[in-house]
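Below, each chain spelled out in residue letters.
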Amino acid sequence: MADSVNVRRSNTILYCIEWADTVAFYRDVIALEPTHEVDWFVEFALHDAARLSVADASRTSIAPSGGTGITLSWQVDDLAAECARLAAHQVETSDPMRQWDGHSVFLHDPEGNRIELWKPER
């Protein structure tokens, strides 16, 4: 078996048309902490080794996906509490569903990117 890439940190970059609204969503609703900000790009910490960045597509050479083909899948400690917090911000989520070995809900950011919040059974 070949050696695998030794990934030390991961950063998913979303190229957005609705840049300001998407940044506000991840900062104010999802409550992620920005680690780097410039006038067209914001990087948020998910945890020590993972980041989520939002780039203004009008300022880059990368075309936005329009929310197609992307699901950000995040394991959370308390799915019910996250759903309540999102509801308080008027964010619509799917009904909780049993999936794999746990429960999931789905929502979308202002750009249309799908987000899955899930909690394992055990």
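Described in the following lines is the structure provided in the data block. Model, not experiment: these values are computed from the prediction.

## Focus on the sheet that holds strand β3 (residues 41-47)
- Spatial ordering of the open sheet is given by β1-β4-β3-β2, a layout of 4 strands whose pairing is mixed. A single partner strand is all that each edge strand has here, and the edge strands are β1 (10-16) and β2 (33-38). This sheet shows a mean twist of 20 degrees between the axes of neighbouring strands, independent of strand direction.
- As paired elements, β3 and strand β4 (residues 50-56) share 6 bridges and run antiparallel to each other. Bridging across to β4, A45 finds its partner in R51.

## Describing the nonpolar core
- Counting 24 residues, the largest nonpolar core has F25, Y26, W74, I115 and L117 as the members making the most contacts within it.
- Looking at this core, the elements that each hand over two or more residues are β1, α1 (19-29), β3, β4, β5 (71-75), α2 (79-88), β7 (102-108) and β8 (114-120).
- For this core, the leading source of residues is α1, giving 5 residues.
- In this structure F25 touches I30, V91, L107, H108, D109, P110 and I115, once residues within four positions along its chain are discounted.

## A short note on α2
- By the burial criterion, the buried members of α2 are L79, C83 and L86. Axial view of α2: buried residues confined to an arc of 65 degrees, hence all on one face. Exposed side of α2, more than 90 degrees from the buried face: A80 and A88 are the residues found there.
- Residues of α2 that are buried in the fold lie against α1, β7 and β8.
- The N-terminus of α2 is capped by D78, whose side-chain oxygen sits 3.3 Å from the backbone nitrogen of A80.

Thresholds applied
Residues numbered from 1 in each chain as written. Predicted model: local features only at pLDDT ≥ 70, side-chain atom pairs only at ≥ 80, totals over all residues. Heavy atoms only, no water. Pairing = 2+ DSSP bridges. Helix = DSSP H or I, 4+ residues; strand = E, 2+ residues; numbered from the N terminus. Axes fitted to C-alpha atoms, helices over the stretch in contact; angles between N-to-C directions. Core = buried A, V, L, I, M, F, W, Y, C linked by side-chain atoms within 4.5 Å. Buried < 20%, exposed > 50% of the residue type's maximum accessible area, 1.4 Å probe, protein only. Contact = heavy atoms within 4.5 Å. Arc of directions from axis to C-beta. Polar contact = N/O pair within 3.5 Å; in protein donor to acceptor, adjacent residues only side chain to side chain.

Fair warning: the whole summary comes from geometry, so function is off the table for now.
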